[in-house]
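Here is how the chains run, residue by residue.
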Amino acid sequence: MSLDNKLTIKTLELLSDFYEQAIDANLIQFQKTRKDFEGDITLVVFPLAKIAKKSPPQTGDEIGQLLVDKIDYIGSFNTVQGFLNLVITDQYWLEELKEIETVDNYGIQPRTEQKLMVEYSSPNTNKPLHLGHLRNNFLGHSVARILEANGHEVIKTQIINDRGIHICKSMLAWQRFGNGETPENSGIKGDKLVGKYYVKFDQALKEETEVVLAKWGQGEFDVENEVMAEYQRLSLAATEKEDAKSRKGILDKIKKLANNSTPIMKDVKEMLVKWEAKEPEVYELWEKMNGWVYEGFNKTYEAMGVHFDKLYYESDTYLKGKKLVEQGLKDNVFFQKEDQSVWIDLTDEGLDEKLVLRGDGTAVYVTQDMGTAQQRMEDFPGLSGIVYTVGNEQDYHFNVLFKILQKLGYKWAENCFHLSYGMIDLRNDKGEVGKMKSREGTVVDADDLVKEVVKMAQEMTEERGHIEGMTEEEKNKLYQMIGLGGLKYYLLKVDPTKRMTFNPDESVELNGNTGPFIQYVYARISSLLRSAGNFSAQNIAEVDGLIDVEKELVKKLVEYPQIVIQAGEDHSPAIIANYIYDLGKNFNSLWQNVSVLKEENQAKREMRLILSKNVAKVIKSGMYLLGIDVPERM
RNA sequence: GGUCGCGUAGCUCAGCUGGAUAGAGCAUCUGCCUUCUAAGCAGACGGUCCUAGGUUCGAAUCCUAGCGCGAUCACCA
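Residues numbered from 1 in each chain as written. Chains lettered and ligands numbered in written order. Predicted model: local features only at pLDDT ≥ 70, side-chain atom pairs only at ≥ 80, totals over all residues. Heavy atoms only, no water.

Before going further, it helps to spend a moment on the overall build of chain A. In terms of regular secondary structure, chain A is built from 22 helices and 15 strands. When its C-alpha atoms are laid out on the principal axes, chain A stretches across 95 × 70 × 55 Å. The buried share among the 634 residues of chain A stands at 51%. Pairs at least 24 residues apart make up 73% of the contacts formed inside chain A by residues separated by at least 6 positions. Here chain A has roughly 30,800 Å² of accessible surface; of this, 48% comes from carbon and sulfur atoms. The positive charge centre, built from 79 side chains, and the negative charge centre, built from 100, are 2 Å apart in chain A. (Helix = DSSP H or I, 4+ residues; strand = E, 2+ residues; numbered from the N terminus. Buried < 20%, exposed > 50% of the residue type's maximum accessible area, 1.4 Å probe, protein only. Contact = heavy atoms within 4.5 Å. Areas by Shrake-Rupley, 256 points an atom, 1.4 Å probe, with all protein chains shown as cover. Lys, Arg positive; Asp, Glu negative; His and termini not counted. Charge placed at Lys NZ, Arg CZ, Asp CG, Glu CD.)

Structure below.
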């Protein structure tokens, strides 16, 4: 039990007795003592002053005396204003250290009954992975490990968006402009090659859209009457609007209308229908191109060091979604419009009407998500919930999805959680911050970044020169570990829910609050332990006093289990990251200020070795939770 | 326009379930390698916690309004 909890229970008991009345547990508020004051833990006495019927300082003194008298590990106290600072004895901390030393899986929580699925990555198969996917993957992978450390059984998964109109776009463009280009004959990585044709489609679409708009402008309409009417309505509205913003909104709508009226767009839609009908020509092309993509993705995942227990493909689950729509239609959860499209009315939930099946009978995004969720529940009986690692731009979508699942009557929908993380912004040469834009060529490619980061790690490590005697293979492994560790840490140390600004220089930085800084602490301790000889925790209790840095370190170690729990509850690797950084910093302070091996007092020397060993143990454990490896030497 | 989110040092971020004089890193400047790995340590400089009200013993933290930024409101995913 933590000191905080222990003290709260004891104090509650003592105070109830002392003041002869029942005391609300919420009035007992312990917090860490601020550095500027003497003490380890502080009781906030303001809430208790009323009960004592004395001023806060008097109350503090009164309670402080009581606690010192009754609790043996409280050595002394001081009251500053309404804050009662308690000094815990060194013996107590030494016992704690000894305890930590005996636990192998320190910080890891006992098994629970919960079985959770964590979904992350979930890319579209029409473009290569980029920086945003890196944040997604590292986050999901780390959260999976954190949940495991909290005792839950975890299944790591992803849903591969391998079908849909966007895939058909790449396919169509390849058919038209590809001239039989393949990864083999071009040497281009599979996912990159398919991405290339997705871009080609976009260009073609843009050109055709302009043609359509030009025709419309001259009054030539070879489209359905409704489209023409809609265009005329919008054009009129655009001329009436005064402010530029709403004008732009209408112009965007016109553009979209034109977009959808292009021949190429019609062809793509047709292709999707053919695909759903499994027409061999289309289906084979689809299989071929997706095969290229998977080959490319697998290389990227391997380089990133993330993996999955089970893969789902939308092409397998969207039919299940369609069945759910059918059933829901019968049960009056959904309703059908004249054009045969199927909708759900969520206006009573504060949301809108939402399409669940297109008029032509093909599935949309949410259709397949419904099917996927149900499939998962069938595949893993007893699954308690699903964690969806998906960007916060999809907050609305998941809101809708969970509501739909609830309305369909699935109890487990309540345990689905959208791990909604912030977008990554980039800073351009002018210092402006903004999103990655493929059109402006600012998308940071995942493969390129990983390669770059490892290369930088190599250069910087060679400069430092701590690696003589390593084989080439060991060296390469180390560069990989440092580069990737730095990148992962950089992306994970920020609160996942917040958007962040990517700075390429900081992502490869070795100094300060970085992954390599922490890895370095681990390597230092490893080096220390290598030259320490034999030691044990037996004589720790004989140490006659702890210096500040030592005590700080023990206190920090004691916090770890709570940190793991907190990180699990909040789904936040950042909590782990910030904690290990603090721990590492504290250790460096010890390292720089005292010598471990040259300490003459034997008990003290052993205590410091045990302390160091356990700092390393916790660093390794915490870094594992972030998906980062630590080196014995660097 | 509706909904949701964000606004803390020059920059990137902690702190936000209310507690003491708001913390780190980067950048700038000082010191410290004959000593277990200086990828380090010690220190200096740097703040209208967006603004205005409110709640209370106490507000960066909670509430309301305003300003600014972003996301979303697709028969895209």
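Let's pick the thread back up.
Now for the nonpolar core. Nonpolar side chains tend to gather and get buried jointly when the protein is soluble and globular. Ranked by size, the top nonpolar core spans 146 residues in total, and within it Leu7, Leu131, Leu134, Leu491, Ile576, Ile619 and Leu626 carry the most contacts. The residues contacting Leu134, other than those within four sequence positions of it, are Met304, Ala446, Leu449, Leu487 and Leu491. Leu324, Phe334, Val364 and Trp412 belong to the second-largest nonpolar core, a separate cluster that totals 32 residues. (Core = buried A, V, L, I, M, F, W, Y, C linked by side-chain atoms within 4.5 Å.)

Bringing the protein's contact with RNA strand B into the picture now. Taken together, the neighbourhood of RNA strand B is formed by 66 residues, with Phe83, Asp339, Ser527, Trp591 and Val594 sitting nearest. The separation between a phosphate oxygen of RNA strand B and a polar side-chain atom of Ser589 is 3.2 Å. Contact distances for RNA strand B include 2.6 Å between a sugar or linking oxygen and a side-chain N or O atom of Lys598. For the surface near RNA strand B, the per-class residue count stands at 26 nonpolar, 22 polar and 18 charged. (Near = heavy atom within 4 Å. Polar contact = N/O pair within 3.5 Å; in protein donor to acceptor, adjacent residues only side chain to side chain. Nonpolar A, V, L, I, M, F, W, Y, C, P; charged D, E, K, R; others polar.)

This next bit is on the packing of helix 13 (residues 314-330) against helix 14 (residues 365-379). Orientation of helix 13 relative to helix 14, taken along the N-to-C sense of each, is 100 degrees, at an axis distance of 6 Å. Classified by the interaxial angle, the pair formed by helix 13 and helix 14 is roughly perpendicular. Packed against helix 13, whose contacting residues are Glu314, Thr317, Tyr318, Lys320, Gly321, Lys322, Leu324 and Val325, the element helix 14 presents Thr367, Gln368, Asp369, Met370, Gly371, Thr372, Gln374, Gln375 and Glu378 at the interface. The residue makeup of the contact of helix 13 with helix 14, split by class, is four nonpolar, eight polar and five charged. (Axes fitted to C-alpha atoms, helices over the stretch in contact; angles between N-to-C directions. Parallel < 35°, antiparallel > 145°, perpendicular 65-115°, else oblique.)

Another aspect to go through is the sheet that holds strand 4 (residues 83-88). With antiparallel pairing, four strands are arranged side by side in an open sheet as 1-2-4-3. Strands with a single pairing partner mark the edges of an open sheet, and in this sheet they are strand 1 (29-32) and strand 3 (74-80). Here the average twist between neighbouring strands, direction ignored, is 30 degrees. Note: strand 1 against strand 2 (residues 41-44), four bridges, orientation antiparallel. Opposite Lys32, over in strand 2, you have Ile41 as the bridge partner. Of the strands in this sheet, strand 1, strand 2, strand 3 and strand 4 touch helix 1 (residues 3-19), which is tilted by about 150 degrees from strand 1. (Pairing = 2+ DSSP bridges.)

One non-glycine residue, Lys53, lies in positive phi territory at about 60 degrees. Even without a glycine there, the phi angle at Asn332 is positive, about 65 degrees. Here Asn332 shows up in the loop between helix 13 and strand 8 (335-336). Of the residues examined, Asn332 reaches a relative accessible area of 68% and is grouped as exposed.

Further remarks concern a positive patch on the surface. Taken together, Lys206, Lys255, Lys437 and Arg439 make up a surface patch of like positive charges. Taking the relative accessible area as the measure of exposure, Lys255 reaches 47% and is therefore partly exposed. (Patch = residues over 30% accessible without salt bridge, like charges linked within 9 Å, V, L, I, M, F, W, Y side chains within 5 Å. Salt bridge = Lys/Arg side-chain N within 4 Å of Asp/Glu carboxyl O.)

A few words now on the domain arrangement of chain A. The domain boundaries assigned to chain A delineate domain 1 (3-88) and domain 2 (446-626). Summarising the inter-unit geometry, the C-alpha centres of domain 1 and domain 2 are found 35 Å apart. Domain 1 puts four residues into the contact, and the matching count from domain 2 is four residues. Both sides of the domain 1 and domain 2 interface together cover about 280 Å² of buried area, and 22% of this is carbon and sulfur. Where domain 1 meets domain 2, there are three salt bridges. (Domains from an automatic or database assignment. Buried area = accessible area lost by both parts, 1.4 Å probe.)

Here we come to the pattern of salt bridges. In this structure the tally under the stated criterion is 34 salt bridges. One salt bridge in this structure joins Glu452 and Lys455, with 3.9 Å as the shortest N-O distance. Taken together, the positions of Glu452 and Lys455, both in helix 16 (residues 446-464) and three residues apart, correspond to about one turn of that helix. With relative accessibility at 35%, the residue Glu452 sits in the partly exposed group. Accessibility expressed as a relative area gives 43% for Lys455, which makes it partly exposed. Linked through salt bridges whose partners overlap, the residues forming this network are Lys189, Asp191, Lys192, Asp445 and Asp447.

Turning next to helix 4 (residues 90-102). Residue pairs spaced three or four apart in an α-helix point in one direction, given the helix's 3.6 residues per turn. A rise of 1.5 Å per residue sets the reference length of helix 4, with its 13 residues, at 18 Å; its end C-alpha atoms lie 19 Å apart and thus fit the reference within 8%. Of all the residues in helix 4, the buried ones are Tyr92, Trp93, Leu94, Glu96, Leu97, Ile100 and Glu101. Packing partners of the buried residues in helix 4 comprise helix 1, strand 4, helix 20 (548-570) and helix 22 (602-626). (Expected span 1.5 Å × (residues − 1).)

Here we come to the side chain of Ser384. The residue Ser384 is located in the loop between helix 14 and strand 11 (385-391) in this model. Contacts of Ser384, omitting those with residues within four sequence positions, involve Gln114, Lys115, Leu116 and Asn415.

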